[in-house]
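Survey of secondary and tertiary structure
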Amino acid sequence: MRRFSWVLAAAAGGAIAFAGVATPANAEVWACSSFVNTTTNVAGAVCNGGFGTYRVAATCNSAHYPYTRTVVGPWKTKTSGHPGPYSLVSGEPQGCHVVKAWWQVR
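Throughout what follows, the structure given in this document is the object of discussion.

Examining a nonpolar patch on the surface
On the surface, Phe35, Tyr86 and Leu88 cluster together to form a nonpolar patch covering roughly 290 Å² of accessible area. Along the chain, Leu88 turns up in strand E5 (residues 87-90).

Some details on the environment of Gln104
Secondary-structure assignment places Gln104 in strand E6 (residues 97-105). Classification of Gln104 as partly exposed rests on a relative accessible area of 24%. Here the alpha-carbon distance between Gln104 and Val56, two residues 48 residues apart in the chain, equals 6.3 Å. Ignoring any residue separated from it by four or fewer positions in sequence, one finds Gln104 in contact with Thr53, Tyr54, Arg55, Ala57, Val72 and Trp75. A distance of 2.7 Å separates polar atoms of two side chains, one belonging to Gln104 and the other to Arg55.

A word on the state of the cysteines
Note on terminology: disulfide describes a covalent bond linking the sulfur atoms of two cysteines. What the rule picks out here adds up to two disulfides. Here Cys32 engages in a disulfide with Cys47; their sulfurs sit 2.0 Å apart. Between Cys32 and Cys47, the S-S torsion sits near 105 degrees, and that sign places the bridge as right-handed. Residue Cys32 is found in strand E1 (residues 28-37), and its partner Cys47 is found in strand E2 (residues 42-61); the two are separated by 15 residues along the sequence. The same class applies to Cys32 as to Cys47, namely buried. The side chain of Cys60 participates in a disulfide bridge whose partner is Cys96; the two sulfur atoms lie 1.9 Å from each other. A torsion of 90 degrees about the S-S bond marks the disulfide between Cys60 and Cys96 as right-handed.

Observations regarding the packing of aromatic side chains
As enumerated under the stated definition, the model contains two aromatic pairs in all. Plain terms: the ring middles of Phe35 and Tyr86 are 6.2 Å apart, the flat faces sit at 70 degrees to each other, and that makes the pair edge-to-face. Here Tyr86 lies in the loop between strand E4 (76-78) and E5 and Phe35 lies in strand E1, a separation of 51 residues in the sequence. Classification of Phe35 as partly exposed rests on a relative accessible area of 33%. Between Arg106 and the ring centre of Trp75, over which it is positioned, the NZ or CZ distance is 4.4 Å.

Reading the values: rules and limits
Residues numbered from 1 in each chain as written. Predicted model: local features only at pLDDT ≥ 70, side-chain atom pairs only at ≥ 80, totals over all residues. Heavy atoms only, no water. Patch = residues over 30% accessible without salt bridge, like charges linked within 9 Å, V, L, I, M, F, W, Y side chains within 5 Å. Areas by Shrake-Rupley, 256 points an atom, 1.4 Å probe, with all protein chains shown as cover. Salt bridge = Lys/Arg side-chain N within 4 Å of Asp/Glu carboxyl O. Helix = DSSP H or I, 4+ residues; strand = E, 2+ residues; numbered from the N terminus. Buried < 20%, exposed > 50% of the residue type's maximum accessible area, 1.4 Å probe, protein only. Contact = heavy atoms within 4.5 Å. Polar contact = N/O pair within 3.5 Å; in protein donor to acceptor, adjacent residues only side chain to side chain. Disulfide = S-S within 2.5 Å. Phe/Tyr/Trp six-rings, centres within 6.5 Å; stacked < 30°, edge-to-face > 60°. Lys NZ or Arg CZ within 6 Å of the ring centre and 35° of its normal.

Right under this line is the structure:
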């Protein structure tokens, strides 16, 4: 029984070590910025460093319930060595006014 416990512990340790080696690297973007254009009622975000996936999120105010909600743009993928594409969201189809923007990373 003692030998079985040792074999089981060694197998578990090996599995943990293998999982640590086999875990894929997480993507990371940086040099991100977001903006709100109140004239066009659009919010956007862009990331220019690293690589990975991100999108714009914005606070959108309206005169109807729910008075404030978060709207999001499409996920965009930035590849290493290239400028990132803009993720944009408009408040117009949502029936609200974009007032604040930030980016989300996946």
